[in-house]
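Read off the chains here:
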Amino acid sequence: MAMEEATIKQCCATFYGSDLARMLLGDSFHPGGVRLTQRLGELLGLAPEMHVLDVAAGRGTSALHLAKSFGCRVTGIDLSEANIVAAREAANAEGLGERVHFALADAERLPFADVTFDAIVCECAFCTFPGKDVAAAEFARVLKTGGGVGISDLTRTAAPLPELQDLLAWIACIGDALPMQEYASILTRGGLAVEQMEAQNGALEEMVRGVQSRLLGLEIASGLGKLDIPGLDLSAAKQFARAAAEAIRSGKLGYAILIARRRTE
Ligand SMILES: C[S@@+](CC[C@H](N)C(=O)[O-])C[C@H]1O[C@@H](n2cnc3c(N)ncnc32)[C@H](O)[C@@H]1O
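So, a few notes on the structure that sits alongside this text. (Residues numbered from 1 in each chain as written. Predicted model: local features only at pLDDT ≥ 70, side-chain atom pairs only at ≥ 80, totals over all residues. Heavy atoms only, no water.)

Another aspect to go through is helix H5 (residues 81–93). The first and last C-alpha atoms of H5 sit 18 Å apart over 13 residues, in line with the 18 Å expected at 1.5 Å per residue. Those residues of H5 not exposed but buried are Asn83, Ile84, Ala86, Ala87 and Ala91. All buried residues of H5 lie within an arc of 165° about the axis, which places them on one face of the element. Set apart from the buried face of H5 by more than 90 degrees, the exposed residues are Glu81, Glu89, Asn92 and Ala93. Looking one or two residues past H5, Gly95 carries a phi angle of roughly 70°, positive in sign. (Helix = DSSP H or I, 4+ residues; strand = E, 2+ residues; numbered from the N terminus. Expected span 1.5 Å × (residues − 1). Buried < 20%, exposed > 50% of the residue type's maximum accessible area, 1.4 Å probe, protein only. Arc of directions from axis to C-beta.)

What follows is the structure, encoded as structure tokens:
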């Protein structure tokens, strides 16, 4: 891997903890928003007695949705301190502080005992982990036997996408997007049995369209002198979004859900 692991992790966490990420994406930082979170919860068969781990939980939007929709307990972890603070505030504001907790942690070193959780969700983040095999083994370790993992993530067809390989691509979770089958192989190596894979490319297309129109709004506002966003290179971001839209249209880039279960030894 060309880019240094610590740089990737830090840039990803810093970007998704920023106001800019919220401006471009809203509160839910993955394609399909809570609609796909609901789908993951249904495929995992979540129920009120369960304790669910949300790995790379962002601002806690999905964790709160799962707790409200399925009645389960949820613990969310993320590498961005700003996100953890925002997620805790959101949980308290919704009166869910007793049932939904958040902690600053790395997906590759989960601070939990073996066999703790009934289910795990990980949305639009697995592909950014430099140590995907390590993360998959961590998922299996903290899951109870038979517990389910639901991942939703960026996928690509066989060939890497050279036009989408820079730091921006890593931050947008595209840089190390893998073919669906490769995610399945990683989960299998980690000790999980893959049960289901489902393409959700339309959700990604919709998200990129949303980002493009928000970038246009930002461009207009900055042209009128109403907005100055330090660190945002609007033309690079627009060009990147165009390349992503083209890759989706040509079928090179997509989005998918994978459901796996911890194997009984
Ligand atoms: C695209 S966002 C997705 C957030 C959330 N799952 C959602 O769908 O709203 C990616 C998130 O992964 C977090 N992240 C990146 N690398 C991580 C790691 N190694 N461990 C924990 N969180 C990580 C980032 O801080 C960011 O909040």
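Glancing now at the sheet that holds strand E4 (residues 117–123). Strand order across the open sheet formed by seven strands is E3-E2-E1-E4-E5-E7-E6, with mixed pairing between neighbours. Two strands lie at the open edges of the sheet, namely strand E3 (100–104) and strand E6 (192–199), each paired on one side alone. When strand polarity is set aside, the average angle formed by the axes of neighbouring strands in this sheet is 20°. For strand E5 (residues 143–156) and strand E7 (residues 253–262), the ladder comprises nine bridges, and the chain directions are antiparallel. Pairing of Arg156 across the sheet is with Leu253, part of E7. Of the strands in this sheet, E4, E5, E6 and E7 are in contact with helix H3 (residues 33–44), which crosses E7 at around 25°. Of the strands in this sheet, strand E1 (51–55), E4, E5, E6 and E7 are in contact with helix H6 (residues 132–142), which crosses E5 at around 150°. (Pairing = 2+ DSSP bridges. Axes fitted to C-alpha atoms, helices over the stretch in contact; angles between N-to-C directions. Contact = heavy atoms within 4.5 Å.)

Looking now at unusual backbone geometry. With a phi close to 65°, Ala56 is a non-glycine residue in the positive phi region. The topology assignment puts Ala56 in the loop between E1 and helix H4 (61–70). Classification of Ala56 by relative accessible area gives partly exposed; the value is 22%. Although it is not a glycine, Cys124 adopts a positive phi angle of roughly 55°.

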